[in-house]
Protein chains: 2
Amino acid sequence: MRRVNHYCVILAGGVGSRFWPVSTRSCPKQFYDILEVGKTLIQQTFVRVFELVLLENIFVITHEDYEPFVYEQLPELPKSNLLLEPFMMNTASSIAYASFRIQLRDKNASILIVPSDHLITEEKQFYEVLQLAFRKAVQGEHLITLGIKPRRPDTGYGYIQFVSEDHASPIKKVKAFVEKPSREIAREFLYSGDFLWNSGIFVWNVRTILNAFRKHLPEMYETFYRGKGKIGSEEEQTFIRSIFPTLQRISIDYGVLEKADNVYVIFSRFGWSDLGTWGVLYDKVPKDTSGNALMGKKVLFYEAQNNIVYLKGDKTAIIEGLNDYIVIGTSKALLICRKEKEQEIKRFVNDLKIERGEEFL
Amino acid sequence: MRRVNHYCVILAGGVGSRFWPVSTRSCPKQFYDILEVGKTLIQQTFVRVFELVLLENIFVITHEDYEPFVYEQLPELPKSNLLLEPFMMNTASSIAYASFRIQLRDKNASILIVPSDHLITEEKQFYEVLQLAFRKAVQGEHLITLGIKPRRPDTGYGYIQFVSEDHASPIKKVKAFVEKPSREIAREFLYSGDFLWNSGIFVWNVRTILNAFRKHLPEMYETFYRGKGKIGSEEEQTFIRSIFPTLQRISIDYGVLEKADNVYVIFSRFGWSDLGTWGVLYDKVPKDTSGNALMGKKVLFYEAQNNIVYLKGDKTAIIEGLNDYIVIGTSKALLICRKEKEQEIKRFVNDLKIERGEEFL
């Protein structure tokens, strides 16, 4: 049942550089059908939240450059619900902007925040968790995050530690946020049982989150607050362009949630992946008898096992003597990297940016 | 000094499949500037023989499909000196065809046969050897090959064993031709001192080679001989198309030279490579401090050593954790193969042909 005061903000400004060279500055992975299922990741996200939220209450926030992708891939989205950022920022400023905009429409809005480029399976459980989250969000000043029960000691995810008071309730008080841990610490987290993966999916009332901004990121709050009259007017885009260079580039987790004492996490068991790396994708796609995951037209393998190979276009390949590698080819770039080093790809791409400039990404 | 009865035939019909995916059925390596020196391999060959042979005496023989490449890359070549074959054959039929054609022009022609896709350095020595070869060719019925003093126990080359009678003379009587040997045998060849690399470069009088065809490949000889009147006439191409399917696909080495007893080899020391494999190319091009040979615009290496990387077009690459590999990328295909397995590439490409058909090569 979709309620008129339920809103959703799809965050679509990321670059996904660990997915280079498919995900690039000029076309990030949310605009690709990276799983080859017939829909791009943002289309999948849109269809998923449309089950819960009225079309006119769905917002997308992304970089100005990606406006054409959104129009093309989400033609149903009301044009005024597309919020454009002039710079690559981080999640805090995106969420602040969207919150000020939604507040104009409904002071009692309950907002679901979702990344545009994640994979969710077992959607029925996802919807059940969200109903619970929306209920909790109106019961008080609650900032609600969804935490996924970890299935392995993943070092690529952030973790949320919860206070284990009431074992029966899936809604837990948050004790701490922890950034990507080492393998050893991730193992401890897994076995301790009171750490969950931070899904980056949040639910709260617009009032609650704006109060939290005022308290924990007061400068950012003030900057938006001073231009309140321009948001929703014809001057909105000019205003946004003028303030964005002054805003702090910080994530909502660091900027707000870590500092707040009214954060809750819902212990969730639906299938979730941030599709953050090629190795994660490897787990999601079919593999041949040698364990090679092949996304592409035609590859012959010789003494090659457990590789992930993604070749865009009608590309033929011969791969000999390679085990446990990531091999990605596009018309513009090639990546060959050991799977165990996939977390480094972001750094490599950064080196490339330094050497060649943004346009080569 | 170029003599009016010195002729040259450039053999340009090969596919160079060990150089896949740069060298393909649709554009073989002789038509690429694979060394990035500013001239394609066939252009380098042409310029080289032009020092020795009058322009009107230079012939090129290749497959019909490559006619446009020859016109484009060798605009100086007289059109009537381009001989076109309707099928991919081997060297014997190409040389027979060219010999019958040249005989029409000059019954006393001395002919230099050169592959179109080899690298030659120290050209002064090359020219000196050829002067010697041309002299020897007119002293009798001599079939002359150039043999290169081996510099390593190469298993990718054919060898020529000579009879060591007169140590002072560089012209030796040939004892045997040996196809690509094993590593162990190649080592023995190297240390024995009486084996040379078979360069595939030959010199002989047209009369001598046609006599040799008559004796050792009589069917092939007869087929051409019966249509003698058509060669050089307007019917030539129709005649060639009609006989080619019936001709034996055999190399000049197997079909003629191994059987003949009037074969000589000139002990040669000029720099020579058949550029037959990526590994050979690796030896010819500059390398960075990690031993990576890079032909392409921009590649970042991380924990990667002694690789040969060739990326066509303005392609960016990140290569991590790879040692001693061949990595070749074109717009249509990708090859990743250990250098030690480069001789297998031909077989892999053949598998690809079986699976996908010629058009994918």
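What counts and how
Residues numbered from 1 in each chain as written. Chains lettered and ligands numbered in written order. Predicted model: local features only at pLDDT ≥ 70, side-chain atom pairs only at ≥ 80, totals over all residues. Heavy atoms only, no water. Contact = heavy atoms within 4.5 Å. Buried area = accessible area lost by both parts, 1.4 Å probe. Salt bridge = Lys/Arg side-chain N within 4 Å of Asp/Glu carboxyl O. Helix = DSSP H or I, 4+ residues; strand = E, 2+ residues; numbered from the N terminus. Nonpolar A, V, L, I, M, F, W, Y, C, P; charged D, E, K, R; others polar. Pairing = 2+ DSSP bridges. Least-squares fit on C-alpha atoms with pLDDT ≥ 70 in both. Phe/Tyr/Trp six-rings, centres within 6.5 Å; stacked < 30°, edge-to-face > 60°. Buried < 20%, exposed > 50% of the residue type's maximum accessible area, 1.4 Å probe, protein only. Axes fitted to C-alpha atoms, helices over the stretch in contact; angles between N-to-C directions. Arc of directions from axis to C-beta. Core = buried A, V, L, I, M, F, W, Y, C linked by side-chain atoms within 4.5 Å. Right-handed = clockwise from strand over helix to strand, strands pointing away.

**Points about the interface of chain A and chain B**
At step 1: Listed by partner, the interface residues are 36 residues for chain A and 35 residues for chain B.
At step 2: Carbon and sulfur atoms supply 58% of the area buried between chain A and chain B, which totals about 3200 Å² over both sides.
At step 3: Counting across the interface, chain A meets chain B through six salt bridges.
At step 4: The shortest N-O distance in the salt bridge between B:Arg338 and A:Glu320 comes to 2.7 Å.
At step 5: Those elements that place two or more of their residues in the side of chain A that touches chain B are β13 (298–302), β15 (316–320), β16 (325–329), β17 (333–338) and α11 (345–356) of chain A.
At step 6: In terms of residues, the side of chain A that touches chain B owes the most to one element, α11(A), which gives seven residues.
At step 7: Across the side of chain A that touches chain B, the residue classes break down as 19 nonpolar, four polar and 13 charged.
At step 8: Bridge count for β17(A) against strand β15 (residues 316–320) of chain B is four bridges, and the pairing is parallel. What sits directly across from A:Ala333, in β15(B), is B:Thr316.

**Remarks on the relation of the copies chain A and chain B**
At step 1: The transformation that overlays chain A on chain B combines an axial shift of 0.1 Å with a rotation of 179°, and the residual RMSD is 0.1 Å. Taken together, the turn and the small shift mark the pair as related by a two-fold rotation axis. Considering only C-alpha atoms, the part of chain A nearest the rotation axis is A:Ser331, at 3.1 Å.
At step 2: Same-surface contact between copies: 97% of interface residues of chain A are shared with the interface of chain B.

**Observations regarding the packing of aromatic side chains**
All names here are of chain A.
At step 1: Summed over the entire model, instances satisfying the criterion amount to 44 aromatic pairs over all chains.
At step 2: Pairing Phe162 with Phe267 gives two aromatic rings, centres 6.0 Å apart and planes at 75°, and the pair type is edge-to-face. Taken together, the positions of Phe162 in strand β7 (residues 159–163) and Phe267 in strand β10 (residues 263–268) put the pair 105 residues apart, joining distant regions of the chain.
At step 3: Given the relative accessible area of 18%, Phe267 is considered buried.

**What about the side chain of A:Ser199?**
Residue and element names in this part refer to chain A.
At step 1: Along the chain, Ser199 falls in strand β9 (residues 195–205).
At step 2: Using a relative accessible area of 1% as the deciding quantity, one classes Ser199 as buried.
At step 3: With near-sequence residues (within four places) excluded, Ser199 lies in contact with Pro115, His118, Leu146, Ile148 and Trp272.

**Structural notes on the environment of A:Ile111**
Residues and elements named next belong to chain A.
At step 1: Looking at the secondary structure, you find Ile111 in strand β4 (residues 110–115).
At step 2: For the pair Ile111 and Gly229, spaced 118 residues apart in the sequence, the C-alpha separation amounts to 21 Å.
At step 3: The contacts of Ile111, once residues within four sequence positions are left out, are Tyr7, Val9, Ser99, Ile102, Phe134, Phe202, Val203, Trp204 and Val206.

**A closer look at the sheet that holds strand β14 (residues 308–311) of chain A**
At step 1: Read from one edge to the other, the open sheet built from six strands follows the order β12(A)-β14(A)-β16(A)-β17(A)-β15(B)-β13(B), with strand pairing classed as mixed. With one partner strand each, in any of the chains shown, β12 (293–295) of chain A together with β13 (298–302) of chain B form the two edges of the open sheet. Going from strand to strand, the sheet's axes swing by 5° on average, the running direction of each strand aside.
At step 2: Sheet analysis places β16(A) next to β17(A), joined by five bridges and oriented antiparallel. Across the sheet, the residue bridging to A:Gly329 is A:Leu334, located in β17(A).

**As for the pattern of salt bridges**
At step 1: The full count for this structure, using the stated rule, is 26 salt bridges over all chains.
At step 2: Across the pair A:Glu236 and A:Arg101 runs a salt bridge, and its minimum N-O distance is 2.9 Å. Taken together, the residues span a long stretch of sequence, with A:Glu236 in helix α8 (residues 236–243) and A:Arg101 in helix α3 (residues 91–105) at a distance of 135 residues. A:Arg101 matches A:Glu236 in its accessibility class, with the two residues each being buried.
At step 3: Ionic contacts of the salt-bridge type, sharing partners, join the residues A:Glu303, A:Glu320, B:Arg338 and B:Lys341 into one network.

**Section: α8(A)**
Residue and element names in this part refer to chain A.
At step 1: Three or more residues of α8 are buried, namely Glu236, Phe239, Ile240 and Ile243. The arc that holds every buried residue of α8, seen down its axis, measures 100°, which confines them to one face.
At step 2: Of the surrounding elements, those touching the buried residues of α8 are β3 (82–85), α3 and α7 (218–226).

**Describing the nonpolar core**
At step 1: The biggest cluster of nonpolar side chains holds 74 residues, and the ones touching the most others in it are B:Ile34, B:Leu112, B:Trp278 and B:Leu281.
At step 2: Counting 73 residues, the second-largest nonpolar core is a separate cluster that includes A:Leu35, A:Leu112, A:Val280 and A:Ala333.

**Details of the side chain of B:Asn205**
Residue and element names in this part refer to chain B.
At step 1: Tracing the sequence through the fold places Asn205 in strand β9 (residues 195–205).
At step 2: For Asn205, a relative accessible area of 6% translates into the label buried.
At step 3: Setting aside anything within four residues of it in sequence, one finds Asn205 in contact with Asn108, Ala109, Ser110, Ala137 and Val138.

**Examining the pairing of strand β2 (residues 58–63) of chain B**
All names here are of chain B.
At step 1: In terms of residue burial, β2 counts as a mostly covered element, since six of its six residues are buried.
At step 2: Pairing analysis gives four bridges linking strand β1 (residues 6–11) to β2, with the strands arranged parallel. By the bridge assignment, Leu11 is partnered in β2 with Ile61.
At step 3: Each parallel crossover has a hand, and for β1 linked through helix α1 (residues 41–50) to β2 it is right-handed.
At step 4: Handedness of the crossover joining β2 and strand β3 (residues 82–85) through helix α2 (residues 67–73) is recorded here as right-handed.

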